[in-house]
Protein chains: 2
Amino acid sequence: MRPFFESSLLTDLYQFTMAQSYLKTGVMEEACFEFFVRSLPKDRRYLVCAGLTEVAEFLRTFSFTPEELDFLNTTGLFDRDFLDYLSGLRFNGDLYGVKEGEIVFPHEPICQVVAPLPVAQLMETRIINILHYCVMVASKASRVTQVAPQKTVVDFGLRRAHGGEAGLWAAKATYVAGFSGSSTVLSGKIYGIPIFGTMAHSFVQAHPNELTAFLNFARLYPQRPILLVDTYDTKAGIENAITAQKVLERENIKVFGIRIDSGDLATLSKEARAMLDRAGCGHMKIIVSGDLDEYVIKELEEQGAPIDGYGVGTRITTSSDAPHLNCAYKLVEYGGQKTYKRSTGKATLPGRKQVVRHFRGEDGPFHYDEIVPFDLCERGIIQESPSKRFLLVPHLINGRPKDVKGDTIEEARERHLKGLRGLPTRLLAIDTDNDLTPYDVRIHRDLWEGLEG
Amino acid sequence: MRPFFESSLLTDLYQFTMAQSYLKTGVMEEACFEFFVRSLPKDRRYLVCAGLTEVAEFLRTFSFTPEELDFLNTTGLFDRDFLDYLSGLRFNGDLYGVKEGEIVFPHEPICQVVAPLPVAQLMETRIINILHYCVMVASKASRVTQVAPQKTVVDFGLRRAHGGEAGLWAAKATYVAGFSGSSTVLSGKIYGIPIFGTMAHSFVQAHPNELTAFLNFARLYPQRPILLVDTYDTKAGIENAITAQKVLERENIKVFGIRIDSGDLATLSKEARAMLDRAGCGHMKIIVSGDLDEYVIKELEEQGAPIDGYGVGTRITTSSDAPHLNCAYKLVEYGGQKTYKRSTGKATLPGRKQVVRHFRGEDGPFHYDEIVPFDLCERGIIQESPSKRFLLVPHLINGRPKDVKGDTIEEARERHLKGLRGLPTRLLAIDTDNDLTPYDVRIHRDLWEGLEG
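Residues numbered from 1 in each chain as written. Chains lettered and ligands numbered in written order. Predicted model: local features only at pLDDT ≥ 70, side-chain atom pairs only at ≥ 80, totals over all residues.

Digging into the nonpolar core
Thinking step 1. Counting residues in each nonpolar core, the largest one holds 260 residues, and the members touching the most others are Val 135 and Ile 258 of chain A together with Val 135, Leu 227 and Ile 258 of chain B.
Thinking step 2. When near neighbours in sequence (up to four residues on either side) are disregarded, Ile 258 of chain B contacts Ile 226, Leu 227, Val 229, Ile 238, Ala 241, Ala 272, Met 284, Ile 286 and Ile 287 of chain B. (Core = buried A, V, L, I, M, F, W, Y, C linked by C-beta atoms within 7 Å. Buried ≥ 20, exposed ≤ 12 C-beta atoms within 10 Å, placed from the backbone. Contact = placed C-beta atoms within 7 Å.)

Shown next as structure tokens:
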């Protein structure tokens, strides 16, 4: 489960200049940085945690190659002492984080890095790069799961994701958030995600006619053939799919379904269902794709479109209506002292924190969250109970992986579904409603005092 | 210049199922696929080509590892013959493409892949994945260059780019489109892009006070120190930067400038300029950052804000107002025959094409483009001239790299700037104006006939 994109130079230049300065001036004490989201994008009511596994893996394997150090040397900004320091550098601090699939809210730390200041600082850019995208896409995908909870939804988004890494992470984040699988083959290999596929228009075009294309495909993949019917004319395509099924019947092949990738999907799916049923092909499913998102799918579902599965891509893997989150990785403690920042509109709650989720009874629905000083939990002043759980758990201690319970992708998926059931139902609204009361996230009074201090 | 993310499994499952079908049924003739953008996003008037180098490198190095073949085997979809075919597979077809930095328009092919059908098909997902993002970001960044042509603009966008690959490609695409450099260290190593950096709020917070942070930093980096002044209170921060300059003067250190990352940048930059000038620090530059894009920068420039440099990030690297393009990789010829597709709203011009750019006189401004059948150019019926240039040039022939003239990143950058000068000035508008006449892209009559056929 190693992230591919491994280079310690995949960061901002200032991380190195600052780190060297810390080394020179002895600003080397332990620091705590927290990653959190400042506010929810339009229409969102909650966030879904994803990417923690990738962050842990990034920290665990962080190191510099001689080639990377040579490049840093060519910049003329760094001296031998600093490059030597980097060459021996490993992350041996602590990483606390919220488990993947968990539902979180703004201001709640999603991860915490505790390490000597230059080390924790050097990790900033990549940690934001990982969590920003994974949380954003999992949160978007969760909305699709909400509107079509009984349907098969598959991620088709690799091609228009922003680069390969985004495409791969999107397969994982959407799976955690309830999708059935992905078309991205590599996500099957790396994460064990179920992979799916149909056929492309070019496949139909490359054959002398549509029927031949359908027959060739179904004979080769008799387990679950899905035929794309809209290359030339959708209704003629559906007729060809029916004809193909009639021919294949004699060979004991069941066509699994058809895919429609263009046009008015509500009308076409109804017509397709009627045509298929009339022809005795009631077993054939209808899959649709093309510019889908939670808004379109909600409308299709509300119109009672007889659709069995959705292939969603671009709008989910780019989180197209909100392609970035307002998030930060902020220094909250240095050398045992709480730190704070007061830039206009960007104030940060000082001090290391824990997030306590309160439930209405054991295993009950969410009641409220409270962000509390971490040390109150460590000192046992605030404790977990059957109706009260800490969300931040250790992933690395002294650089070593902690065995995080419930850390598989399937468990993350379960956790997300359980979270959706636990959320107050008003927060499951998809559309804009500015009057909606947000989830109750309380801030412990000691943290406010720190802010004023 | 190898892309990092090298796995032949970074693709959609259907590419493999279709390829196996082609192999089984002997649908192995030469195919031509074209990548093009169907329409311009909101407010855009043109596109900037980027990513061709990455596409060429992807094709040139395409191959399967035994581990990848093993994974494909576990899916149960593929037989030994097909896996053997894949294990020996290399791309030995042709790649034609528009040079990076060139300005292009919808419907113009940006690249063409000519190879046996299964090979050309297998390349689809990753080619779209590369070009979609690179073209989108270069096109967005070009608008920033337009509104602040005399200013230093630096890419700070890695942290909120969608994954590491996007961040790296964004550094390149924005540089091609006229940025001065990037904060992404790896882009310096891989592409030779100038890298820049200032300091973070955490750097100031980790010191006992702001002045100490400024002095420590400037003494260590006396060449070009830029001091971040808005951690606590921006005006007090500017005063501290001035004090730092007074102290450092005696050590012969010139503070290069200050950075403001929050607040009302127009007002603050004017106040900062006045404070710096009054204090005899006229040499100190003002750099701003924080949620910038071409719209905000245009307003700042129009208000005469005394800003010397812009650090832009999130909104450019995510192309936030248009985070995806309507683009496609379409089969246009198979076995010497033109192919076409008629899905509602997604029709494709059949046949392989060339793009001919007509200039008003030698080296003059753009006159119009014409999309013409490729074979008319090959047969010499349409020829290049001093006022008429073919945009698609060979990058790979029989899988081997062609020495593409003008293929360095610096040449791409020059080409973009020259393109901006050549464009009709009405197309340099930043804001929405739906009445604006688009650039004149003509379609050769033979292509229309093909479509009707």
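Having put the structure on the table, let's press on.
Overview of the environment of Asn 92 of chain A
Residue and element names in this part refer to chain A.
Thinking step 1. With respect to the element layout, Asn 92 can be found in the loop between α4 (80–87) and β3 (94–98).
Thinking step 2. Taking the C-beta count within 10 Å as the criterion, Asn 92 has 16 such neighbours and is therefore assigned partly exposed.
Thinking step 3. As a C-alpha pair, Asn 92 and His 207 span 115 residues in sequence and 58 Å in three-dimensional space.
Thinking step 4. With near-sequence residues (within four places) excluded, Asn 92 lies in contact with Asn 398 and Gly 399. (Helix = DSSP H or I, 4+ residues; strand = E, 2+ residues; numbered from the N terminus.)

A closer look at the pairing of strand β17 (residues 392–397) of chain A
All names here are of chain A.
Thinking step 1. Examined bridge by bridge, β3 and β17 share four bridges and lie antiparallel to one another. Bridging from a neighbouring strand, Tyr 96 pairs with Pro 394 of β17.
Thinking step 2. Hairpin remark: β17 followed by strand β18 (residues 400–401), antiparallel, with two residues in the connecting loop; positive phi at Asn 398, about 50°. (Pairing = 2+ DSSP bridges.)

Brief notes about unusual backbone geometry
Residue and element names in this part refer to chain A.
Thinking step 1. In this model, Asp 291 sits at a positive phi of 55°, which is unusual for a non-glycine residue.
Thinking step 2. Judged by local crowding, Asp 291 falls into the partly exposed class, with 15 C-beta atoms found within 10 Å.
Thinking step 3. Positioned with a positive phi, Asn 398 is a non-glycine residue whose angle comes to about 50°.
Thinking step 4. The class for Asn 398 is exposed, based on 10 C-beta atoms found within 10 Å.

Topic: the sheet that holds strand β7 (residues 181–182) of chain B
Residue and element names in this part refer to chain B.
Thinking step 1. A sheet is described by the order of its strands in space; here six strands give the open sequence β7-β6-β11-β10-β9-β8, paired in parallel fashion. This sheet does not close on itself; its edge strands, each paired only once, are β7 and β8 (226–228).
Thinking step 2. Two strands pair when backbone bridges link them, and strand β10 (residues 285–289) and strand β11 (residues 309–312) are joined in this way by three bridges, in the parallel orientation. The partner of Ser 289 across the bridge, within β11, is Gly 311.

Some details on the domain arrangement of chain A
Residues and elements named next belong to chain A.
Thinking step 1. Partitioning chain A into structural domains gives domain 1 (13–138 + 324–452) and domain 2 (148–317).
Thinking step 2. Look at where the C-alpha atoms of domain 1 and domain 2 centre, and you get two points 38 Å apart.
Thinking step 3. Residue assignment for the side of domain 1 that touches domain 2 shows that the elements contributing at least two residues are α6 (124–147) and α16 (409–422).
Thinking step 4. Here the residues of the side of domain 1 that touches domain 2 are counted per class, giving ten nonpolar, two polar and two charged. (Domains from an automatic or database assignment. Nonpolar A, V, L, I, M, F, W, Y, C, P; charged D, E, K, R; others polar.)

Comments concerning the relation of the copies chain A and chain B
Thinking step 1. In the superposition of chain A on chain B (RMSD 0.0 Å, axial shift 0.0 Å), the rotation amounts to 180°. On this basis, the relationship between the two copies can be described by a two-fold rotation axis.
Thinking step 2. In this assembly, 100% of the residues forming the interface of chain A have copies in chain B that are likewise at the interface, indicating an isologous arrangement. (Least-squares fit on C-alpha atoms with pLDDT ≥ 70 in both.)

As for the sheet that holds strand β5 (residues 111–116) of chain B
All names here are of chain B.
Thinking step 1. The strand order β13-β12-β1-β5-β3-β17-β18 describes an open sheet built from seven strands, whose pairing is antiparallel. A strand with exactly one partner marks an edge of an open sheet, and here the two such strands are β13 (337–338) and β18 (400–401).
Thinking step 2. Of the pairings in the sheet, the one linking strand β17 (residues 392–397) to β18 comprises two bridges and is antiparallel in character. Across the sheet, residue Ile 397 finds its bridge partner in β18, namely Arg 400.

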